[in-house]
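Chain by chain, the residues run as shown.
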Amino acid sequence: MNMNDLKNSKAPVSTVTINKNEFDKPTGNIYEAISITAKRAVQINSEIKKELLEKLEEFATYSDSLEEVFENKEQIEVSKFYEKLPKPHALAVEEWLNDKIYHRNTEKDQ
């Protein structure tokens, strides 16, 4: 998932009610569906965090003086962009409902 995917995502920024029957339809088990989307949300969160830290690292200044604090407008804009993004769980739910998450039950495959 890259920045363009995040910009073009149609995931809601606020809380939305989802039809339970639609949500657990691929697995037939609401708990399994929640578990799969939760794992995907953790993956998305780590990808976003990694990307954000890489971008903020570009603005890092290393100085010995604590009094020197610089406000970097580009750094502030990057931070604001990431704050306005849909939350990782909303992105994962959107992917789940659009059948973009591959999953399989290894117990059923045996």
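What you are looking at is a predicted structure, and each value in this text was computed from that prediction instead of being measured.

1. Side note on the overall build of the protein chain
Part 1 of the argument: Within the protein chain, the secondary structure is distributed over six helices and zero strands.
Part 2 of the argument: Reading the protein chain from its N end, one meets helices and strands in the order α-α-α-α-α-α.
Part 3 of the argument: In the protein chain, 75% of the contacts between residues at least 6 apart in sequence involve partners at least 24 apart.
Part 4 of the argument: Here the protein chain has roughly 8800 Å² of accessible surface; of this, 50% comes from carbon and sulfur atoms.

2. A few points about the pattern of salt bridges
Part 1 of the argument: Using the criterion set out here, one finds three salt bridges in the structure.
Part 2 of the argument: The partner of Lys20 in a salt bridge is Asp24, and the shortest N-O contact between them spans 2.7 Å.
Part 3 of the argument: Overall, the relative accessible area of 9% leaves Asp24 in the buried class.
Part 4 of the argument: Between Arg40 and Glu47 there is a salt bridge, with the nearest N and O atoms lying 3.6 Å from each other.
Part 5 of the argument: Residue classification places Glu47 among the partly exposed residues on the basis of a relative accessible area of 28%.

3. Description of the nonpolar core
Part 1 of the argument: Among the nonpolar cores identified, the biggest contains 11 residues, and these are Leu6, Ala11, Ala41, Ile44, Ile48, Val78, Tyr82, Leu85, Ala90, Leu91 and Ala92.
Part 2 of the argument: When sequence neighbours within four positions are dropped, the list of residues in contact with Ala41 reads Pro88, His89 and Ala92.
Part 3 of the argument: Core analysis: the next-biggest nonpolar cluster, separate from the first, contains six residues, Phe23, Ala33, Val93 and Trp96 among them.

4. Regarding the confidence of the model for the protein chain
Part 1 of the argument: For the protein chain, the average pLDDT comes to 85, and 84% of its residues sit at 70 or higher.
Part 2 of the argument: Looking across the protein chain, the model is least confident in helix α1 (residues 3–8), with a mean pLDDT of 69, and most confident in helix α2 (residues 20–23), with 95.

5. A word on the packing of aromatic side chains
Part 1 of the argument: All told, the structure shown has two aromatic pairs when counted by the stated rule.
Part 2 of the argument: Each ring, one from Phe23 and one from Trp96, has its centre 6.2 Å from the other, and the planes form 50 degrees; the classification is tilted. With a gap of 73 residues between them, Phe23 in helix α2 and Trp96 in helix α5 (residues 88–97) connect regions that are remote in the sequence. There is no split in this pair, since Phe23 and Trp96 are both buried.

Cut-off values and rules
- Position numbers for residues start from 1 in each chain and track the written sequence from start to end.
- The model is predicted, so local features are restricted to residues of pLDDT at least 70 and side-chain atom pairs to those at 80 or more, both for listing and for counting; the totals for chains, interfaces and linings are taken over all residues.
- Each side-chain value is worked out from all heavy atoms of the structure, with water and hydrogens disregarded.
- In this text, helices come from DSSP runs of H or I with a minimum length of four residues, and strands from runs of E with a minimum of two, each type numbered from the N-terminal end.
- The contact rule is simple, with two residues in contact once any of their heavy atoms fall within 4.5 Å.
- Working definition of accessibility: Shrake-Rupley area with a 1.4 Å probe, residue cover restricted to the visible protein chains.
- Put simply, a salt bridge is a Lys or Arg side-chain nitrogen that is within 4 Å of an Asp or Glu carboxyl oxygen.
- The rule is simple: take the accessible area with a 1.4 Å probe, protein chains only, and divide by the maximum for that residue type; under 20% is buried, over 50% is exposed, in between is partly exposed.
- Only buried residues count toward a nonpolar core, which is a set of Ala, Val, Leu, Ile, Met, Phe, Trp, Tyr and Cys residues joined through side-chain atoms within 4.5 Å.
- By definition, pLDDT measures how confident the predictor is in each residue, and it falls between 0 and 100.
- Working definition: rings of Phe, Tyr and Trp (its six-membered ring) pair if their centres are within 6.5 Å, and the pair is stacked with planes under 30 degrees apart, edge-to-face with planes over 60 apart, and tilted otherwise.

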